[in-house]
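Fold and contact review
Next come the chains, spelled out residue by residue.
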Amino acid sequence: MSTERTLVLVKPDGVQRGLTGEIVGRLERTGLQIIGMKLMMISEDLASRHYAEHTEKPFYRGLVSFITSSPVVALALEGPSAISTIRKVMGVTDPADAAPGSIRGDLGIDMGRNLIHGSANSEDAAREVTLFFDDSELISYDRATQPWIVE
Ligand code: DAT
Ligand code: MG
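Before going into details, it helps to say that this report is about the structure given with it. Please read all numbers here as calculations on a predicted model, not as lab measurements.

What counts as what
Residues numbered from 1 in each chain as written. Chains lettered and ligands numbered in written order. Predicted model: local features only at pLDDT ≥ 70, side-chain atom pairs only at ≥ 80, totals over all residues. Heavy atoms only, no water. Pairing = 2+ DSSP bridges. Helix = DSSP H or I, 4+ residues; strand = E, 2+ residues; numbered from the N terminus. Axes fitted to C-alpha atoms, helices over the stretch in contact; angles between N-to-C directions. Contact = heavy atoms within 4.5 Å. Near = heavy atom within 4 Å. Polar contact = N/O pair within 3.5 Å; in protein donor to acceptor, adjacent residues only side chain to side chain. Nonpolar A, V, L, I, M, F, W, Y, C, P; charged D, E, K, R; others polar.

**What about the sheet that holds strand β1 (residues 3-10)?**
- Here we have four strands laid out as an open sheet, ordered β2-β3-β1-β4, and antiparallel in their pairing. Because the sheet does not close on itself, it has two edges, and the strands there are β2 (33-40) and β4 (116-118). For this sheet, the mean inter-axis angle between neighbouring strands, taken without regard to orientation, is 15°.
- Taken together, the eight bridges between β1 and strand β3 (residues 72-80) define a ladder with antiparallel strand orientation. By the bridge assignment, V8 is partnered in β3 with L75.
- Sheet strands touched by helix α7 (residues 122-132): β1, β2, β3 and β4. Its angle to β1, the strand with the most contacts, is close to 55°.

**Quick word on the site of ligand 1**
- Taken together, K11, H54, F59, L63, R87, T93, R104, M111 and N114 are the residues near ligand 1.
- Interatomic distance of 2.6 Å between a side-chain N/O atom of T93 and an oxygen atom of ligand 1.
- At a separation of 2.8 Å, an oxygen atom of ligand 1 approaches a polar side-chain atom of N114.
- Its residues assigned to classes, the shell around ligand 1 comprises three nonpolar, three polar and three charged.

Quick look at the structure:
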C-alpha cells in the first residue's frame with residue numbers, strides 16, 4: 001500500500017441537499033487524512049480542464065452546466081491506497097447500480113446527480129489535485145490517531 005493523494009468534489013447536488021457533512025464524514029471515517037478542503041465555484045475554464053476526457057461525450061454539456069451551476073466542496077485526501085479507497089466508498093458512476101453502503105448507492109438515484117467526484121487513477125489524481133489546490137492550500141500535519149489507523 002503506497003501513500004497516495006486524491007481529489008474529491010462534493011458536487012453541487014450534494015452541497016444543495018445539505019449532504020456535505022454526511023459525505024465528508026464518510027470520507028473521514030475511512031481513516032484517510034484531509035489535507036485540503038474548500039467551498040468554491042467551478043469556472044467554465046476549470047470545468048473544461050477537469051472534464052477534458054469527456055469533451056466528445058453526449059452528456060458533456062450537461063455535465064459542465066451542472067458542475068458550474070452552484071458551489072462544490074473540493075477536498076484533497078491522503079493515505080494508503082487513497083484513490084481506490086475513495087472510489088470504493090463512492091460507489092459506481094450510476095447511483096441506480098451503486099452498492100448499498102456506498103455514497104452514491106445510499107444517497108442518489110440518478111446518473112446526472114451522483115453527488116461526488118473522485119479521481120479515477122494516479123495520473124488523474126496528480127493532475128486534478130494540482131488543478132484544484134495551490135501547494136500553499138495543502139497542509140501536511142501529524143495526527144495523534146495515526147498509529148490506530150495504519151499499523
Ligand atoms: P465517474 O464520476 O464515476 O468517474 P465518469 O468519469 O465516467 O464517471 O463520468 C464523469 C461524470 O459524467 C459522471 O460522474 C456522471 C456523468 N456521466 C458519465 N456517464 C454518463 C452518461 N452515460 N450519461 C449521463 N451522465 C454521465
Ligand atoms: Mg471519472
